[in-house]
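Summary of structural features
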Amino acid sequence: SAVISQKPSRDICQRGTSLTIQCQVDSQVTMMFWYRQQPGQSLTLIATANQGSEATYESGFVIDKFPISRPNLTFSTLTVSNMSPEDSSIYLCSVITSGRPYEQYFGPGTRLTVT
Amino acid sequence: AQSVAQPEDQVNVAEGNPLTVKCTYSVSGNPYLFWYVQYPNRGLQFLLKYITGDNLVKGSYGFEAEFNKSQTSFHLKKPSALVSDSALYFCAVRGYGGYNKLIFGAGTRLAVHP
């Protein structure tokens, strides 16, 4: 399985500011995703991070609020912009590797609290 | 549209007893089904998957799951529960082919009591 790291692991941010979360994978992956887990809730897919092109966003999520970059096969960033307390969640990076195309692995998550 | 239902918010079981965590799904075509576990303050860990073949699949930590196409279910089971199995369990489904979007159930909290 792939080893996925995320930075930061947690942060407390002020309303109106932005935070960029980094995701690094130890091997090349075919697909990368960003999920959100609100307190006490399940996981919701935010977007698929596409290498070298704009991310594909799910319904209810927009690029202005959650810009995503994926400059290469092993790295992606998610920015949470103009934050409000409703953005307080765990944000998880997830990947599918070429070696195991049916399995999807998750990073440790970034716990974000917006005050 | 794909969907997953986990009808129980919480399952309580005594240590040493068998456990079952329920999951039903809805998807067009043949499903790809998964179970993940989340321990406190940790990310999701992959437990097992059903893609094709035997309906009973075995996974990590002694867990297994049974795929039942007629009942559209994929229940997670373990013959003898451990206190350390206490965690949040998520069932997930991916539709066959095309866009590889993984849809999660609401999660079931498993509490194993000594």
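Provided above is the structure to which this section pertains.
Residues numbered from 1 in each chain as written. Chains lettered and ligands numbered in written order. Predicted model: local features only at pLDDT ≥ 70, side-chain atom pairs only at ≥ 80, totals over all residues. Heavy atoms only, no water.

**Considerations on the nonpolar core**
Judged by nonpolar contacts, the single largest core of 47 residues is most densely connected at W34, Y35, V95 and F106 of chain A together with F104 of chain B. With near-sequence residues (within four places) excluded, F104 of chain B lies in contact with Y35, S42, L43 and F106 of chain A together with V4, Y36, L44, F90, C91 and A92 of chain B. V4, L33, A87 and Y89 of chain B belong to the second-largest nonpolar core, a separate cluster that totals 28 residues. (Core = buried A, V, L, I, M, F, W, Y, C linked by side-chain atoms within 4.5 Å. Buried < 20%, exposed > 50% of the residue type's maximum accessible area, 1.4 Å probe, protein only. Contact = heavy atoms within 4.5 Å.)

**Thoughts on the interface of chain A and chain B**
Contacts between chain A and chain B engage 22 residues on the former and 21 residues on the latter. Across the interface of chain A and chain B, roughly 1600 Å² is buried in total on both sides, 54% from carbon and sulfur atoms. Our count for the chain A to chain B interface comes out at 2 salt bridges. Of the charged contacts in the structure, one is a salt bridge between K101 of chain B and E58 of chain A, with a shortest N-O distance of 2.6 Å. At the junction of chain A and chain B, the tally comes to 7 residue pairs in polar contact (both at pLDDT 80 or more). Counting only elements with at least two residues in the side of chain A that touches chain B, the list comes to β4 (29–37), β5 (43–49), β9 (89–97) and β10 (104–106) of chain A. Of all the elements, β4 of chain A adds the most residues to the side of chain A that touches chain B, at 4 residues. Its residues assigned to classes, the side of chain A that touches chain B shows 12 nonpolar, 6 polar and 4 charged. (Buried area = accessible area lost by both parts, 1.4 Å probe. Salt bridge = Lys/Arg side-chain N within 4 Å of Asp/Glu carboxyl O. Polar contact = N/O pair within 3.5 Å; in protein donor to acceptor, adjacent residues only side chain to side chain. Helix = DSSP H or I, 4+ residues; strand = E, 2+ residues; numbered from the N terminus. Nonpolar A, V, L, I, M, F, W, Y, C, P; charged D, E, K, R; others polar.)

Coordinates in, geometry out; function isn't part of it.
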